[in-house]
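Understanding the architecture of this molecule
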Amino acid sequence: EAPDVTAIHNRVRDKVTPCPLDKIGFNCYTLGPAGGINSNVMDMSKWLMLHLNMGTVGGKQVISKEAMSHLLTPKTFIGGDLEGGYMFYCQGWIFRNTSPYPLYWHNGDTTYCHTMAAFVPGANLGIVILTNLGGKNQLPEILAGTFYDMYFGKPFRDLSTLAKEAGDKAMPQPPKAPE
């Protein structure tokens, strides 16, 4: 009911189209992804700062360092990545051993919005990307990866093309007709 909220969008026949919130927006609350939380880039940035500062806000320890360490300790092996590294799931974060510093990240999606948050404790660096288009929207991940590469002076990689090629390769091909 706030006056300043994002306009949600969806793909209709490969065209990005605004959607009337009053007709479909309630699904986000019915299904409750991410706890049905509404947020903004300012609040999400503060949340990342909490993690970068190991639970300290305004000089006060609001989450113990032991609890923060538990949240950020890799627990479950997810697999390798395209660069020969590996990823683990922590408690709400994905750990990726990338160079020059490990990266913690997580993304989220509803039918109409897609989010990416990532931070690098070793460099005191974080990024939040919020979009108002969900469903197969990889732009936040591509932007975060490009930001990481540029910040650390890595060679340019066209992550958009790489993501498209990987997506095309993963798409099932229709069977060939018998000859």
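The structure reproduced in this document is the subject of the present report. Just so it is clear, the model here is predicted, and its values are computed rather than measured.

Let's talk about the sheet that holds strand β5 (residues 76-80)
What the six strands build is an open sheet, ordered β5-β6-β7-β8-β9-β10; its pairing is antiparallel. Only two strands of the sheet have a single partner each, and these edge strands are β5 and β10 (125-131). Taking the axes of each pair of neighbouring strands and ignoring which way they run, one obtains an average angle of 20 degrees across the sheet. Of the pairings in the sheet, the one linking β5 to strand β6 (residues 86-89) comprises four bridges and is antiparallel in character. By the bridge assignment for β6, T76 is matched with Y89. Relative to β10, helix α5 (residues 139-151) is tilted by about 155 degrees, and along the sheet it contacts β8 (103-109), β9 (114-120) and β10.

Digging into the pairing of β8
Where strand β7 (residues 94-96) lies against β8, three bridges are found, and the strand directions are antiparallel. Among the inter-strand pairings, F95 is bridged to a residue of β8, identified as Y104. Turn length for the β7-β8 hairpin, with the two strands adjacent in sequence and antiparallel, is six residues. Direction of pairing for β8 relative to β9: antiparallel, over a ladder of six bridges. Residue pairing across strands places H106 opposite A117, the latter belonging to β9.

Digging into the side chain of D149
Positionally, D149 belongs in helix α5. Within the structure, the side chain of D149 is placed 2.7 Å from the side chain of R157, a separation counted as a polar contact. Once you skip the residues sitting within four places of it in the chain, D149 turns out to touch K154, P155, R157 and L159.

Regarding a nonpolar patch on the surface
Judged by side-chain polarity, V41, M42 and L130 come together as a nonpolar surface patch covering roughly 270 Å² of accessible area. Within the element layout of this structure, V41 appears in helix α3 (residues 41-52).

Criteria and thresholds
- Residues numbered from 1 in each chain as written.
- Predicted model: local features only at pLDDT ≥ 70, side-chain atom pairs only at ≥ 80, totals over all residues.
- Heavy atoms only, no water.
- Pairing = 2+ DSSP bridges.
- Helix = DSSP H or I, 4+ residues; strand = E, 2+ residues; numbered from the N terminus.
- Axes fitted to C-alpha atoms, helices over the stretch in contact; angles between N-to-C directions.
- Contact = heavy atoms within 4.5 Å.
- Polar contact = N/O pair within 3.5 Å; in protein donor to acceptor, adjacent residues only side chain to side chain.
- Patch = residues over 30% accessible without salt bridge, like charges linked within 9 Å, V, L, I, M, F, W, Y side chains within 5 Å.
- Areas by Shrake-Rupley, 256 points an atom, 1.4 Å probe, with all protein chains shown as cover.
- Salt bridge = Lys/Arg side-chain N within 4 Å of Asp/Glu carboxyl O.

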